[in-house]
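Residue-level structure breakdown
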Amino acid sequence: MWTFTSDVEEYAAVAEPFLLGDPVRNTVALTVLAALRAGMPAKSARFGWWTVGGEVRGAVFHTPPHPAGLFAVPVEAVAPLVAGFGGDLPTAVGPLEVTAEVTRLLGAPKRVVSERLYRLGTLTAPDVAGRGRPCVPGDFPLLVSWYHAFGEEVGMGEGDEVERVARRLAGRELFVWEAGGAPVAMAALSPACGGVCRIGPVYTPPSRRRRGYGAAVTAYASRTGRDERGAEVVLFADLGNPTSNAIYQAIGYEPVGDYAHVTYA
């Protein structure tokens with residue numbers, strides 16, 4: 001049975017202990033929950049948990065315009081979830097077996113983006129000219145432009161780049177790689193939730209690509225997560241970009257599972 005609420009604290013009290021049972025696979029659900037409890041605005045947010053025999057067996061969150069997060073939804077709970085959402089699920093993200101059930105119920109989506117979740121094993125930093133550093137307030141305009149460019153490139157821009165960069169900069173979550181005295185690539189690192197940090201997004205402007213800067217800034221941010229925050233580190237990579245997947249594996253990331261964004265709207 002699904003129970004829904006718009007109260008983040010009610011949801012947290014019930015769902016967080018369940019999500020913490022697998023903090024790697026539930027990394028997005030946990031970081032979104034932490035951000036909401038820290039004051040991140042979310043209009044028309046909706047949360048839910050799936051119970052079987054009085055025990056929590058699944059959880060879902062939806063903070064429009066972001067996709068509904070089905071990361072912790074069992075396959076057998078998808079049909080009642082879709083019904084609970086009024087038979088309308090404009091966009092969703094979750095494990096392949098879960099999104100396959102969504103498409104079985106709702107038909108072929110307009111767009112599918114396949115991703116792979118990776119977990120950091122032994123970190124091997126690449127030998128790339130330059131140095132990594134945390135971002136500072138003076139980087140703000142550049143970071144906003146890079147966030148916007150990243151969203152346009154992957155087709156998932158959400159129009160909240162200024163707010164998002166401001167929040168992440170204040171939280172010391174953004175890093176750049178410098179070469180020749182100028183920033184040439186960016187990586188973000190979420191706060192640790194359940195002992196897990198997540199890298200993303202990673203962006204290198206087109207004119208700076210194929211020089212190893214993306215790998216270098218990812219390795220720098222990954223080391224920060226592991227050494228300074230005492231956390232495991234994970235990231236998602238677009239399976240449509242074999243170059244990025246190869247880069248992440250080369251610096252020590254190991255596959256965990258495959259996911260998909262499905263869009264109907």
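Residues numbered from 1 in each chain as written. Predicted model: local features only at pLDDT ≥ 70, side-chain atom pairs only at ≥ 80, totals over all residues. Heavy atoms only, no water.

**Observations concerning unusual backbone geometry**
Of the consecutive residues Pro64 and Pro65, the connecting peptide bond is found in the cis state with omega at 10°. Mapped onto the elements of the fold, Pro65 is located in the loop between strand 3 (55-62) and strand 4 (68-72). In this structure, Arg172 takes a positive phi of about 60° despite not being glycine. Position of Arg172 relative to the elements: it lies in the loop between helix 6 (161-170) and strand 8 (174-179). Arg172 sits in the exposed class, given a relative accessible area of 64%. Its identity as a non-glycine residue notwithstanding, Arg210 has a phi of 65°, on the positive side. When you line up the elements, Arg210 lands in the loop between strand 10 (196-203) and helix 7 (213-228). (Helix = DSSP H or I, 4+ residues; strand = E, 2+ residues; numbered from the N terminus. Buried < 20%, exposed > 50% of the residue type's maximum accessible area, 1.4 Å probe, protein only.)

**Some details on helix 4 (residues 96-106)**
Taken together, the buried positions of helix 4 are occupied by Val98, Thr99, Glu101 and Val102. Looking straight down helix 4, one finds that the buried residues subtend no more than 150° of arc, so they occupy a single side. Backbone geometry just after helix 4 places Gly107 at a positive phi near 95°. (Arc of directions from axis to C-beta.)

**Describing the packing of helix 5 (residues 140-154) against helix 6**
Their axes nearest at 9 Å, the elements helix 5 and helix 6 cross at an angle of 125°. When the axes of helix 5 and helix 6 are compared, the pair comes out oblique. Between helix 5 and helix 6 lies a crossing whose hand is right-handed. Here Phe140, Leu143, Val144, Tyr147 and His148 of helix 5 come into contact with helix 6, specifically with Glu161, Val162, Arg164, Val165, Ala166, Arg168 and Leu169. Of the residues assigned to the contact of helix 5 with helix 6, the class counts are eight nonpolar, one polar and three charged. (Axes fitted to C-alpha atoms, helices over the stretch in contact; angles between N-to-C directions. Parallel < 35°, antiparallel > 145°, perpendicular 65-115°, else oblique. Left-handed = near helix turned anticlockwise from the far one by under 90°. Contact = heavy atoms within 4.5 Å. Nonpolar A, V, L, I, M, F, W, Y, C, P; charged D, E, K, R; others polar.)

**Concerning the side chain of Thr51**
Within the secondary structure, Thr51 sits in strand 2 (residues 46-52). Contacts of Thr51, omitting those with residues within four sequence positions, involve Met1, Val56 and Arg57.

**Thoughts on the environment of Gln249**
Secondary-structure assignment places Gln249 in helix 8 (residues 242-250). Considered as a pair, Gln249 and Tyr118 are 131 residues apart in the sequence and their alpha carbons are 8.4 Å apart. Within the structure, the side chain of Gln249 is placed 3.3 Å from the side chain of Tyr118, a separation counted as a polar contact. (Polar contact = N/O pair within 3.5 Å; in protein donor to acceptor, adjacent residues only side chain to side chain.)

**Looking at the pairing of strand 2**
The element strand 2 is largely enclosed, with a buried count of five among its seven residues. Of the strand pairs in this sheet, strand 1 (residues 2-5) and strand 2 are connected by four bridges, and their pairing is antiparallel. Each bridged residue has a counterpart across the sheet, and for Thr5 the counterpart in strand 2 is Phe47. Adjacent in sequence and paired antiparallel, strand 2 and strand 3 are bridged by two residues, among which Gly53 carries a positive phi angle near 60°. (Pairing = 2+ DSSP bridges.)

**A short note on helix 6**
Taken together, the buried positions of helix 6 are Glu161, Val165, Arg168 and Leu169. Along the axis of helix 6, the buried positions cluster into a sector of 100°, meaning they face one direction only. Looking at the packing, one finds that the buried side of helix 6 touches helix 5, strand 8, strand 9 (182-189) and strand 10. Positioned one or two residues after helix 6, Arg172 has a phi angle of 60°, which is positive.

**Topic: the sheet that holds strand 2**
With mixed pairing, the 12 strands of this open sheet are ordered in space as 1-2-3-4-5-12-6-11-10-9-8-7. Pairing within the sheet leaves two strands with one partner each, and these edge strands are strand 1 and strand 7 (131-134). Going across the sheet, the axis of each strand differs from the next one's by a mean of 25°, ignoring polarity. In terms of strand pairing, strand 9 meets strand 10 through three bridges, oriented antiparallel. Residue pairing for strand 10: Met186 is matched across the bridge by Tyr203. Set on the sheet, helix 7 makes contact with strand 6 (111-120), strand 7, strand 8, strand 9, strand 10, strand 11 (232-238) and strand 12 (253-263); between it and strand 9 the angle comes to about 45°. Packed onto the sheet, helix 8 meets strand 6, strand 10, strand 11 and strand 12 and runs at close to 160° relative to strand 11.

**Description of the pattern of salt bridges**
Under the definition given, this model contains 13 salt bridges. Two residues, Arg37 and Glu16, come together in a salt bridge whose shortest N-O distance is 3.1 Å. Of the two residues, Arg37 sits in helix 2 (residues 27-37) while Glu16 sits in helix 1 (residues 8-19), which places them 21 residues apart along the sequence. The partly exposed category is assigned to Arg37, whose relative accessible area is 40%. (Salt bridge = Lys/Arg side-chain N within 4 Å of Asp/Glu carboxyl O.)

Note that all results are geometric; they support no functional claim without further evidence.
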